[in-house]
Amino acid sequence: MLKQFYESLKETYTVFMPVPRQKREDFLDKVRDRVDFYKPKIEERCNLNLGEVKVKDNSEFIDDVLYGANGLAWKDTLERGWRSGRVPSKTDFMFSYSTAAFAELLMKFPIFLYNSFSGAEMRYFNSTIYVPFYFMNRFMDASFIGRIRTLDHTVVHELSHSVWYKIEPDKYRDQNGRRVWFEGFATYCEDEYFSDLYQDGTERLSDRFLPKLYIRGKKQIEELVEQHGSDIVLEIPKKWKNFK
């Protein structure tokens, strides 16, 4: 009887509980399988080598952004030295990494709240796909049935970001309105440019669940394709400023 009560309680409140480690690992393995399936097809289509694309739990995202290879602290250290015309010193490293640690301390709770309620499916940074397991990722889909149904489209969207960076490697995507093109490109590639690569039975998220910026960016890409043909798609990462 106690077991039945526990199972009933667990089923009712699963959405409020952390995702068990094994469940997270199983889902991450599914994402890796999709990456392994679609990455070579996309590379062949675009005549690009995307290199290694890692898949990680989103809990590692902040550490990687701040302290990882090509992270903000590392870049700040190099720029600090180069601006002074010298090799970065230990003091430069200490200052940059201490500043990053202080920033992390200030941002940790606001970022946790944002991650918990934003419901982002995945995010891409530095050749890595980060998969979140927060409250809104579990809300109304605690067993991840919906996430698995749309997983192919989500992975192709993130791999499309990798295509962008291989063509135009500057990572400051919010600069001068670039983000709408960046996300519009990935959304268009997911829905149209790579549409023939999907396995049978794949589903995509309804437009009503997409941020308006994604939809607006996709419409901009569609207008360019209507004017110039599909060959223009892979020119957009390099020439997006010319289309503003």
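What counts, and at which threshold
Residues numbered from 1 in each chain as written. Predicted model: local features only at pLDDT ≥ 70, side-chain atom pairs only at ≥ 80, totals over all residues. Heavy atoms only, no water. Helix = DSSP H or I, 4+ residues; strand = E, 2+ residues; numbered from the N terminus. Contact = heavy atoms within 4.5 Å. Phe/Tyr/Trp six-rings, centres within 6.5 Å; stacked < 30°, edge-to-face > 60°. Buried < 20%, exposed > 50% of the residue type's maximum accessible area, 1.4 Å probe, protein only. Lys NZ or Arg CZ within 6 Å of the ring centre and 35° of its normal. 1 Å grid on protein atoms, 1.4 Å probe; cavity = no way out; pocket = protein on both sides within 12 Å on 5 of 7 lines; lining within 4 Å. Points joined across faces, edges and corners; volume = space filled by probe spheres on them. Nonpolar A, V, L, I, M, F, W, Y, C, P; charged D, E, K, R; others polar.

Asks: I'd like a rundown of the side chain of H161, residues and numbers included.
Replies: Note that H161 resides in helix 8 (residues 151-167). When residues no more than four places from it in sequence are discounted, the contact partners of H161 are Y124, F182, E183 and A186.

Asks: Break down the packing of aromatic side chains for me, with residues and values.
Replies: Given two aromatic rings, their pairing is described by the distance between the two centres and the angle made by the two planes. This model, assessed by the stated rule, comprises 13 aromatic pairs. Plain terms: the ring middles of F61 and F125 are 6.2 Å apart, the flat faces sit at 85 degrees to each other, and that makes the pair edge-to-face. In this pair, F61 is assigned in helix 3 (residues 61-67) and F125 in strand 2 (residues 123-125), connecting sequence segments 64 residues apart. Both residues of the pair, F61 and F125, belong to the buried class. Here a set of aromatic residues connected by ring pairs shows up, and it is made of Y124, W164, Y165, F182 and F185. Geometry around F37 places K41 over its ring, the cationic atom sitting 4.8 Å from the centre. Between the NZ or CZ atom of R123 and the centre of the ring of F61, over which it lies, the distance is 4.6 Å.

Asks: With reference to specific residues and values, describe the layout of surface pockets.
Replies: Roughly 450 Å³ of internal volume is contained in the second largest pocket. Considering the residues around the second largest pocket, the lining is formed by 18 residues, among which N58, S59, F112, N115 and Y134 are closest to the centre. Taken together, the elements giving at least two residues each to the lining of the second largest pocket come down to helix 3 and helix 5 (90-118). Here the lining of the second largest pocket takes 7 residues from helix 5, the largest share from any one element. Residue composition of the lining of the second largest pocket, grouped by class: 9 nonpolar, 3 polar and 6 charged.

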